[in-house]
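Observations on the model geometry
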Amino acid sequence: MFVLLLLGAIIVELFIAGLPAFQAFGIGFIWSTDWDPVQEVFGAGVSIYGTLVTAVLSIVLAVPLAFGIAFYLTELAPPWLRRPVGTAVELLAAVPSIIYGMWGFFVIVPAFATYVQPTLIDNLGELPLVGFLFQGAPFGTGIFTASFILAIMILPFIAATMRDVFEQVPPVYKESAYGLGATTWEVMRGVVIPYTRISVVGGIMLGLGRALGETMAVTFVIGNANRITTSLFGPGNTIASLVALEFGESEMGSLKLSSLLALGFILFVLSFVVLATSRYLLRSRLKA
Amino acid sequence: MSITLSSGAVPGPRKDPEVALRLGRRRKRTDLIIRTLCVLATLVGLIFLASILTTLFYRGFEAMNLRVFTHVTAPPGSEGGLLNAIVGSLIQAAMGTAIGTPIGMLVGTYLAEYARGSKFGDMIRFVSDILLSAPSILVGLFVYQILVLPFGGFSGWAGVVALSIIVIPVVVRTTEDMLTLIPNTLREAVIGLGSPKWKMIVFVCWKSAMSGIITGILLAVARVAGETAPLLFTSLGNNTWSTDLARPMASLPVTIYAFAGSPFEDWIALAWAGALLITLSVLLLNILARSLLRTRK
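Okay, so let's go over this structure. All values derive from a computational prediction rather than experimental measurement. (Residues numbered from 1 in each chain as written. Chains lettered and ligands numbered in written order. Predicted model: local features only at pLDDT ≥ 70, side-chain atom pairs only at ≥ 80, totals over all residues. Heavy atoms only, no water.)

With that out of the way, let us pick up the packing of helix α4 (residues 97-124) of chain A against helix α5 (residues 143-167) of chain A. Residue and element names in this part refer to chain A. Where α4 contacts α5, the two axes come as close as 10 Å, and the packing angle between them is 130 degrees. With respect to α5, the element α4 is oriented oblique. Viewed along their axes, α4 and α5 form a crossing whose handedness is right-handed. Here α4 contributes S97, Y100, W103, G104, I108, V109, F112 and Q117 to the contact with α5, which in turn contributes F144, T145, F148, I149, I152 and M153. Split by residue class, the contact of α4 with α5 holds ten nonpolar, four polar and no charged. (Axes fitted to C-alpha atoms, helices over the stretch in contact; angles between N-to-C directions. Helix = DSSP H or I, 4+ residues; strand = E, 2+ residues; numbered from the N terminus. Parallel < 35°, antiparallel > 145°, perpendicular 65-115°, else oblique. Left-handed = near helix turned anticlockwise from the far one by under 90°. Contact = heavy atoms within 4.5 Å. Nonpolar A, V, L, I, M, F, W, Y, C, P; charged D, E, K, R; others polar.)

Shown next, in the form of structure tokens:
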């Protein structure tokens, strides 16, 4: 009962607090790209864009890795190695997000600025159609770096879910496929994945939900600029990072504060939808 | 799909040994490539963990000395430590867990013992799971709205409440999971002896699920120990010595956040020292929780 009230209270409070902003800017608040504290004009467009782009990109980066890890842990690894490797991957999930932020800021950003980004810009920047994604100065920070860090952070969640659902495939199914002469990969593709498809998508959604609301790590590395850049290396912001950065500079009761809380409300709606979908898809696994 | 008629004894296309061999080789090769990629993926994951840990140990130990534990935070240039942040973190994490745990346990017990299979129970479980993965920054905003704004200022209490909101769903989840593991025959035996339901729950179910519940509490502590975002808007941080919960209170993660982003060498060093402390304690708590769970199994 209490928990139910809590969730309801969070939604209602954020909505009430954000109401002045919605009233002042109308529904256009959601896609307006202005963020001008001096003239008191605020819009959520840029941060919503940044949130979605980083979250989706991090999923793109994390899913193949997570799949590889889950595949390795369920089918390939020798039994004595499974527990230590599995635990190590799970520990990756336990590292606080601020540590990822620091590590990203002091290790990944310099590495990206000197090695990864110049290479990508030189080699891919001239390509037609996709070239614009890889242009710009190699600062090391930016949307791509943020997605990269996010990918590492959600990797353990996705990998753990995938491993758990892969393990629930009845051994008889796999054994009969092996008995027909299938290779390990063929068993995976033909038996395990079709059997677990829905739960795997649920696990990915769970990762997406995490990536949407991640704050501290993103704040460190995204570059924090309120504009939409087409290049993946350009700076940007996300809802969570914008709120974390600007909150300290907003006065109580100001329109800016209200706009930030309205952003919080939008973030809540976004993650609620994603997490609810994830739970819906994973329900069969939870019951088992 | 067309039906192939063949003249041989075996239905299906005629087997060319050459083709079959090539097909077999290709299948084996694909399999090998994918296996290698999977091993590589796992290695990459482990490398990330190793990189984070080595960076932390290297930079953290470099900055670690006794002063970190004996002095409070100070302006850049003067010799400062992290004492107030460490104590602040301990107080807030302990209080947050102390408030969140009983509520979480009660909700979890309700779900497992009273509301099994009921619609209302399903709804609570759903909401609790959403809260478990909801962005923690929203919890901070929420507590800011209900505690900081009305009472006119940031306070340690607000931080404690924010952390307890994060603790609750973690404890709910593990309590419920652990209680569902208890065999029903045990419950029936107790009820059969004529004990009321509350006695069965308190003296039998909780008792036998205790180690699992403690695991959940440890995991919850580990989770809140590293939380930054909710504290940013609630207890704010404090650069002087203060154990007064009614005033802004320092905490390790927030201090790290402030120091790591600063341009001062000694502050950054302190941030690394703090990061090492937090990560070590969080990882130790996790490993402890895991080993507890394993001995139970």
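Bringing the side chain of B:Q92 into the picture now. If you trace the backbone, B:Q92 turns up in helix α3 (residues 83-114). If we ignore the near neighbours within four places in the chain, the residues touching B:Q92 are B:G156, B:G159, B:V160, B:L163, B:L231, B:S235, B:M249, B:A250 and B:S251.

The subject of this paragraph is the packing of helix α3 (residues 79-94) of chain A against α5(A). Residue and element names in this part refer to chain A. Relative orientation of the contacting elements α3 and α5 amounts to 135 degrees, with a least axis distance of 7 Å. With respect to each other, α3 and α5 are oriented oblique. Where α3 crosses over α5, the two elements pack in a sense that is left-handed. On the side of α3, the interface is formed by G86, V89, E90, L92 and A93, while α5 contributes I152, P156, F157, A159 and R163. Its residues assigned to classes, the contact of α3 with α5 comprises seven nonpolar, one polar and two charged.

All names here are of chain A. Tracing the chain through its elements places S47 in helix α2 (residues 45-76). The spacing of S47 and E246 is 199 residues in sequence and 12 Å in space, taken between C-alpha atoms. Those residues in contact with S47 that lie beyond four places of it in its chain are N237, T238, I239, L242 and L263.

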